[in-house]
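# Structural features, examined
These are the residues of each chain, in order.
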Amino acid sequence: MRDHLNNQPIFGPDGALYWGQGSLTAMGAPDSAWGFRSETLLSAAILRLDVNAVVARIAKGQGPLDVRTGNMSKGQTAYNPYAAGAPLTLYATGVRNAYDLVWDTNGHLYAAVNGSATGGNTPATPAGVKPAAPALNNVTLAEDDYLIDVQKGGYYGRPDPARGQYIMNGGNPFHSPGANSLIQSAYPKGTNPDPNYKGIAYDIGQHYSADGGIEYVGNAFGGALNGALLFTEYSAGDDILTLNVGSSGQITGATRVTPGFTQFADPVDMIENNSTGFIYVAELGGQKLTLL
């Protein structure tokens, strides 16, 4: 339903396949805009697949890997991503909708996450569970889009009761959380974040829909873009966002007015030809590929 899917896959440096699996709700609890569905064990996450394990299964005549975690028919066992040797595992959780992933040459994994529009609901924590938070209904503040520097096992703010995750983003703590935390001011003051919440690397802003991303590699333009992260902005920008990356993987600057990177019609993805430095942009609204 709608546009949260199993998104762009990418091979990691370990040879495994990674992708963002979209959330099934706006903000973690069922709502009308998303068909009153609940999050599942594998939704709102970045998943990692050991492709060699799947190839071995098929070679043994065991068929494809069935990763359904619920609503199994009689005689079938629900898939457990936490089981020892599970081919498909949760690499990071709480990721609402990461259209694309970028494995940087610096070893970091980056994802631009689309924040929610207004009207979503969040789950309440069960009695006795800490940190505690009430349910929020029909949240009136839209989320910003944001970049995350993905850490294995990290939680990035999208609640999922199926995994025991209930607090949206950075909660609303008493202390100042710093620039790397998204506060949900609808929570009562003193609502602490999930203890595994890792925060954000860069706040992109509201309704930009940062989608396809690459690390630009090459000496074109005098090397000005070499090592930069580039993301197409489908909605508010209709452009390419340029993010400069520091020596330790941190974002050190951002530009939206790069000549030649503006005035697209719903740019949704792009790719660089590393042998030439040329960039090809897929414009969904323009129904064309544009060569930069």
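Attention here is on the structure that accompanies the text. (Residues numbered from 1 in each chain as written. Predicted model: local features only at pLDDT ≥ 70, side-chain atom pairs only at ≥ 80, totals over all residues. Heavy atoms only, no water.)

### Re the overall build of the protein
Our working definition: Note on conventions: DSSP H or I runs of at least 4 residues are helices, E runs of at least 2 residues are strands, and numbering of each starts at the N terminus. A simple rule labels every residue: compare its accessible area, found with a 1.4 Å probe on the protein chains alone, to the largest value its type can have, and call it buried under 20%, exposed over 50%, or partly exposed in between. We call two residues contacting when some pair of their heavy atoms lies within 4.5 Å.
From N to C terminus, the protein includes one helix and 15 strands. Along the first, second and third principal axes, the C-alpha atoms of the protein reach 60 × 55 × 35 Å. Looking at the protein residue by residue over its 292 residues, the buried ones come to 47%. Put simply, of all contacts in the protein between residues at least 6 apart along the chain, 55% involve residues at least 24 apart.

### Description of the nonpolar core
As a rule of thumb, soluble globular proteins bury nonpolar side chains together. Definition in use: To qualify as a nonpolar core, a set must consist of buried Ala, Val, Leu, Ile, Met, Phe, Trp, Tyr and Cys residues joined through side-chain atoms within 4.5 Å.
Formed by 20 residues in total, the largest nonpolar core has its most connected members in Ile46, Tyr91, Val95, Leu101, Ala111, Ile148 and Val150. Those elements that provide at least two residues to this core are β4 (88-93), β5 (98-103), β6 (109-113) and β7 (144-150). Once residues within four sequence positions are removed from consideration, Val95 is found in contact with Gln21, Ala44, Ala45, Ile46, Val113, Ile148, Tyr156 and Arg158.

### Details of the pattern of salt bridges
For clarity, the threshold we go by: The term salt bridge refers to a side-chain nitrogen of Lys or Arg lying within 4 Å of a carboxyl oxygen of Asp or Glu.
Evaluation of the coordinates by the stated rule reveals five salt bridges. Glu143 is the partner of Arg158 in a salt bridge, and the nearest nitrogen-oxygen pair spans 2.5 Å. Taken together, the positions of Arg158 in the loop between β7 and β8 (202-206) and Glu143 in the loop between β6 and β7 put the pair 15 residues apart, joining distant regions of the chain. Assessed through its relative accessible area of 0%, Arg158 is described here as buried. Glu143 sits in the buried class, given a relative accessible area of 5%. Between Arg256 and Glu233 there is a salt bridge whose closest N-O contact spans 2.8 Å. Of this pair, Arg256 sits in the loop between β12 (251-255) and β13 (267-272) while Glu233 is found in strand β10 (residues 229-233), placing the two residues 23 residues apart along the sequence. Residue classification places Glu233 among the buried residues on the basis of a relative accessible area of 0%.

### Let's talk about the sheet that holds β12
Where we set the bar: Paired strands, in this sense, are two strands between which DSSP finds at least two bridges. Each axis is a line fitted through C-alpha atoms, taken for helices only over the stretch in contact, and angles between the N-to-C directions span 0 to 180 degrees.
If you walk across this open sheet you meet the four strands as β9-β10-β11-β12, and the pairing is antiparallel. Looking at strand neighbours, the two that pair on one side only are β9 (210-215) and β12, the edges of this open sheet. In this sheet, neighbouring strand axes are inclined to one another by 25° on average, regardless of whether the strands run parallel or antiparallel. Strand direction decides the pairing type here: β10 and strand β11 (residues 239-245), joined by five bridges, are antiparallel. Residue Phe231 lies in a different strand from β11, and its bridge partner there is Leu241.

### Observations concerning helix α1 (residues 51-59)
Just so we agree on the cut-off: Nitrogen and oxygen atoms within 3.5 Å of one another constitute a polar contact, given that in protein one can donate a hydrogen and the other can accept it, and given that sequence-neighbouring residues count only through two side-chain atoms.
Where α1 begins, one side-chain oxygen reaches toward the backbone nitrogen of Asn52, 3.1 Å away; that side chain belongs to Asp50. Looking one or two places after α1, you find Gly61, whose phi comes out positive at around 80°.

### Quick word on the side chain of Glu283
For the record, the criterion: Counting rule for charge: Lys and Arg are taken as positive, Asp and Glu as negative, and neither His nor the chain ends is counted.
Structurally, the position occupied by Glu283 is in strand β14 (residues 279-283). Although Glu283 lies buried, it forms no salt bridge, and the closest oppositely charged side chain, Lys288, sits 4.3 Å away as judged by the N-O distance. Looking at Glu283, its side chain comes within polar contact range of the main-chain nitrogen of Ala265, at 2.7 Å. When near neighbours in sequence (up to four residues on either side) are disregarded, Glu283 contacts Phe264, Ala265, Asp266, Pro267, Lys288 and Thr290.

### A short note on the packing of aromatic side chains
Selection criterion: Each Phe, Tyr or Trp ring (for Trp, its six-membered ring) is paired with any other whose centre lies within 6.5 Å, and the angle between the two planes then decides the class: stacked below 30 degrees, edge-to-face above 60, tilted in between.
Here the structure, examined in full by the defined rule, presents four aromatic pairs. With 5.1 Å between their ring centres and 90° between their planes, Tyr18 and Tyr91 make a pair best called edge-to-face. Of this pair, Tyr18 sits in strand β2 (residues 17-21) while Tyr91 sits in strand β4, and the two are 73 residues apart along the sequence. With centroids separated by 5.4 Å and ring planes inclined at 70°, the aromatic side chains of Tyr18 and Trp103 adopt a geometry described as edge-to-face. Placement of Tyr18 in strand β2 and of Trp103 in strand β5 is noted, with a sequence separation of 85 residues between them. Here the two residues Tyr18 and Trp103 agree in accessibility, since each one is buried.

### Description of the sheet that holds strand β3 (residues 45-49)
With respect to topology, four strands assemble into an open sheet ordered β1-β2-β3-β4, the strand pairing being antiparallel. On the outer flanks of this sheet lie β1 (10-11) and β4, each paired with one strand and no other. The sheet contact formed by β1 and β2 spans two bridges and is antiparallel. Counterpart to Ile10 in the pairing with β2 is Tyr18.

### Re the pairing of β12
Bridge analysis of β11 against β12 gives four bridges, and the strand direction is antiparallel. Note that in β12 the partner of Leu243 across the bridge is Ala254. Hairpin geometry of β11 and β12 is characterised by an intervening segment of five residues between the two adjacent antiparallel strands and by a positive phi of about 95° at Gly249.

### With respect to the environment of Met27
By the secondary structure assignment, Met27 is in the loop between β2 and β3. For Met27 and Gly119, which are 92 residues apart along the polypeptide, the C-alpha to C-alpha distance reads 8.8 Å. In contact with Met27, not counting residues within four places along its chain, are Ser116, Ala117, Gly120, Asn121, Thr122, Pro123, Val139, Leu141, Arg158, Pro159 and Met168.

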